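Breakdown of the fold
Given next are the chains, with one letter for each unit.
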Amino acid sequence: MSKYLALLIAVLAPSCSRQNEVTPITTLEKHSFDEVIEQHLTDASVWPEFGIERANEMIELFDMVELGGAIGQRAQRRVNRLGNNEIQHALLLIVETDKQNTALRRRAYTLLANRDWQSSNRFIPRLTLRLKYEKDWPSNIIIARALANVGSLAGLDAVQSILLNSSENEIDDLDLAKSLAAEFISEINSGHDDFKDNWQHLQLLSDNWDSVHTFQGVKTDFNQQYQDELWHLVAQFRSQPLRPVDDARFVFIRLEQQSMTVLAAAASDNNRYVRDHCLQTLTWMQASTQLAYDFALEESLEILGSDFYSSVRAIEYRGSLMAESQADFLWPFIENGNYEQRTAAADALLRCADYSVARIDALLIDQSFSPEAQCSLLLLRDELRGNEIVIPQISGLDQNELNRRLRWQQQRQVLAAD
Amino acid sequence: MRFISALFAVLGIAALALMLAPQESLPATEWYSSTQCLDCHADVAAEWKSSHHAFAYENPEVRKLSNDFANQECIACHAPQPVLKFEAGERVLARQSERGLGVDCLACHAVTDGGVATNNRQANGDAPCHPRFVERMGSVQLCSSCHNQHKTVDQWRGAPDNLKGNNCLGCHMPQEFRQGGRSGSNHAFPASHDLVALQSAVSLDLKIEDGVVRTTLTNDGSGHNFPTDERSRAADLFVQYQVDGKLGEWQRLYRFRDPYRDETDLTNTQLPSGQSMSFDLRNDVQSVAVRLIYKTNPFMSDDDGVVVHSATLVIDE
């Protein structure tokens, strides 16, 4: 008898003291994840270890090659003995460290762009990061060209914004940058010389790259060295200072689509920051991450969904897939999750659109949702009923949060209409 | 649930009696929204609402710079999960709900297993929110999860003892009296948007010694560099001379500032806690005036900045 009583009290006491709060049913565990990143880094290759002096010597060697004659030949023989890794590292060191000498940086970028690297493409991430820090406009075009040569269109944004720039402000070498850009967009359009055509072709490539991260079927060679580089990059998510984290996020969202498989795999690393930032980065990339999902993430998402730290990000990522098929995963969180999970799941449902008005109505009656979650559910319900969208008036809802939800809804509708 | 209600019907009375009896330890309440705290703690709530913590998500300056938070990197500290969910010294991550509340009550007070954290060992644990003692609440570790990316906390560690205050709280959460005369901590967090706080940060001196006119700025009231920041603040020191009865233009003598990350050509010129910096000025003039202008961003015009201190010196022939 007393055993039953104790049980009863254990069950009832919390629900009584919480009055009209919801009791979280979904149990959240603290899983023990693997050291995914460490395992990959153990045997991963690294860049050669030399400093800027050696790099400057190397670039002088390239200058000598261009002199021609006996000196040029001798220099050429020495260049031939250098490995691609060494040359790339030297050129990257120069553009990463030299802030004053623009001409030298342009020269280094040009060498990166003009050489045939075959399949040695591990410099892509480091070069992509230059798009964040390089302030010289012509250099940005050369970076774009160097990247395009190895199957990455990450530099197209810079090319577009330079061609569109009609700024009155004095910008160093804007004209040079524009002519380099015009040359470049002709080059990637098989040498056509009609600027308008080339510009349209550029838009097309760029839209395509932004949505699926591929380039006319050309893929970045996904070789071991390149993957090693990506594992070093994803390891930056562990950093407490934010700069390495921001840098890695910047690069990942600009890489060719196969790179996402690394993010997907690292999403079950034992470091919670890594898990969080992997899922977050994949979410930012939206539907283009379907590939990551198909290949590596589907199974681990189940575990991530029940993890104390990662569940909310896992739910959010599901939403970014904008696929109705995700709804089965989402409903238990909407109905039984904690406050944060319910917000994430209601938002994800709005993005995926599950067709069950009655179920949403039932929820809205007796559950306490955050203003954000209420907003998502109301928008979805009105849409499903075929009503005009009325902007919901919800107290405590930030305008910016409302706008994001309206944008998600529209995005999905546009996608469905295509 | 049906099983339980059946059971309840059978055992109803006995169970109720037991449940109403005082229990050994109260079940921890789950706090999920800071709006739950505002009514009972109206005085704290009012201070907090006037603070930049409450403003962190809606702040138009932040909106502008983050492109309306389309740059999601920015959400982490401006709408954070509870700090106590992270190890001391680790940075926070973004939350999902009620972002409009910015750095809210839960961000600082929520503990993972229910109840709220306080640094008061004598706190009344039976209060509805179940306060319990958490060491970190009274330490810089609470603030450092969000305030050390630009090294404010590290700067504080290097400050002279007399300026360390009672951690960060001595200066930023001055004592306040609550209903019933209980002492509390001010939640308005006065700092760079508060002229009195700004004036207390530094002193500006202008005098003539052995024929040399000299102005000195001393950080004698800030427990970290001046101006400290997570964004880029600037404090500009200006001088103006009067020659032949005419006042000249204000000229900038020096800029105290930690540059943006990508301004790699600039160095950090903040004034560390306890330190001074002096400038020798012209003495072949009728009078000298100096003033210190604080700017919440480095591109702000002098007129939009705040004059923190000024001084004038008339030089005898």
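Everything numeric in this text was worked out from a predicted model, so none of it was measured.

On to the overall build of chain A, then. A tally of helices and strands in chain A yields 22 helices and zero strands. Split into buried and exposed, the 418 residues of chain A put 55% on the buried side. For chain A, the share of sequence-separated contacts (at least 6 apart) that also reach a separation of at least 24 residues comes to 71%.

All names here are of chain A. Within the element layout of this structure, serine 120 appears in the loop between helix H6 (102-114) and helix H7 (124-133). Take serine 120: its relative accessible area is 17%, and that puts it in the buried class. With residues up to four places along the chain from it excluded, the contact list for serine 120 reads Asn84 and Gln88.

Its domain assignment divides chain A into domain 1 (48-119) and domain 2 (224-417). Centre-to-centre separation of domain 1 of chain A and domain 2 of chain A, based on C-alpha positions: 44 Å.

Residues and elements named next belong to chain A. In terms of nonpolar packing, the biggest core is built from 73 residues, with Leu127, Val234, Phe237 and Phe252 touching the most fellow members. Three or more residues apiece are contributed to this core by two domains, here domain 1 (48-119) and domain 2 (224-417). Among the nonpolar cores identified, the runner-up in size contains 29 residues, and Val312, Ala353, Phe369 and Trp408 belong to it.

Let us now look at a positive patch on the surface. On the surface, Arg74, Arg77, Arg78 and Arg81 of chain A cluster together to form a positively charged patch. Structurally, the position occupied by arginine 78 of chain A is in helix H4 (residues 69-81).

This brings us to the packing of helix H12 (residues 224-235) of chain A against helix H13 (residues 242-252) of chain A. All names here are of chain A. Packing of H12 against H13 brings their axes to within 8 Å, and their N-to-C directions diverge by 135 degrees. As the angle between them shows, H12 and H13 are arranged oblique. Side by side, H12 and H13 meet where Leu230, Leu233 and Val234 of the first sit next to Ala248, Val251 and Phe252 of the second.

All names here are of chain B. As assigned here, chain B comprises domain 1 (34-185) and domain 2 (195-314). Look at where the C-alpha atoms of domain 1 and domain 2 centre, and you get two points 31 Å apart. Of the residues lining the interface, 14 residues belong to domain 1; the matching set on domain 2 comes to 17 residues. Of the roughly 1200 Å² buried where domain 1 meets domain 2, counting both sides, 45% is carbon and sulfur surface. Area buried by domain 1 at its contact with domain 2 is led by His150, Gln155 and Leu163, which between them contribute 52% of it. At the junction of domain 1 and domain 2, the tally comes to zero salt bridges. At the junction of domain 1 with domain 2, the criterion picks out four residue pairs in polar contact (both at pLDDT 80 or more).

Parameters and conventions
Residues numbered from 1 in each chain as written. Chains lettered and ligands numbered in written order. Predicted model: local features only at pLDDT ≥ 70, side-chain atom pairs only at ≥ 80, totals over all residues. Heavy atoms only, no water. Helix = DSSP H or I, 4+ residues; strand = E, 2+ residues; numbered from the N terminus. Buried < 20%, exposed > 50% of the residue type's maximum accessible area, 1.4 Å probe, protein only. Contact = heavy atoms within 4.5 Å. Domains from an automatic or database assignment. Core = buried A, V, L, I, M, F, W, Y, C linked by side-chain atoms within 4.5 Å. Patch = residues over 30% accessible without salt bridge, like charges linked within 9 Å, V, L, I, M, F, W, Y side chains within 5 Å. Areas by Shrake-Rupley, 256 points an atom, 1.4 Å probe, with all protein chains shown as cover. Salt bridge = Lys/Arg side-chain N within 4 Å of Asp/Glu carboxyl O. Lys, Arg positive; Asp, Glu negative; His and termini not counted. Charge placed at Lys NZ, Arg CZ, Asp CG, Glu CD. Axes fitted to C-alpha atoms, helices over the stretch in contact; angles between N-to-C directions. Parallel < 35°, antiparallel > 145°, perpendicular 65-115°, else oblique. Buried area = accessible area lost by both parts, 1.4 Å probe. Polar contact = N/O pair within 3.5 Å; in protein donor to acceptor, adjacent residues only side chain to side chain.

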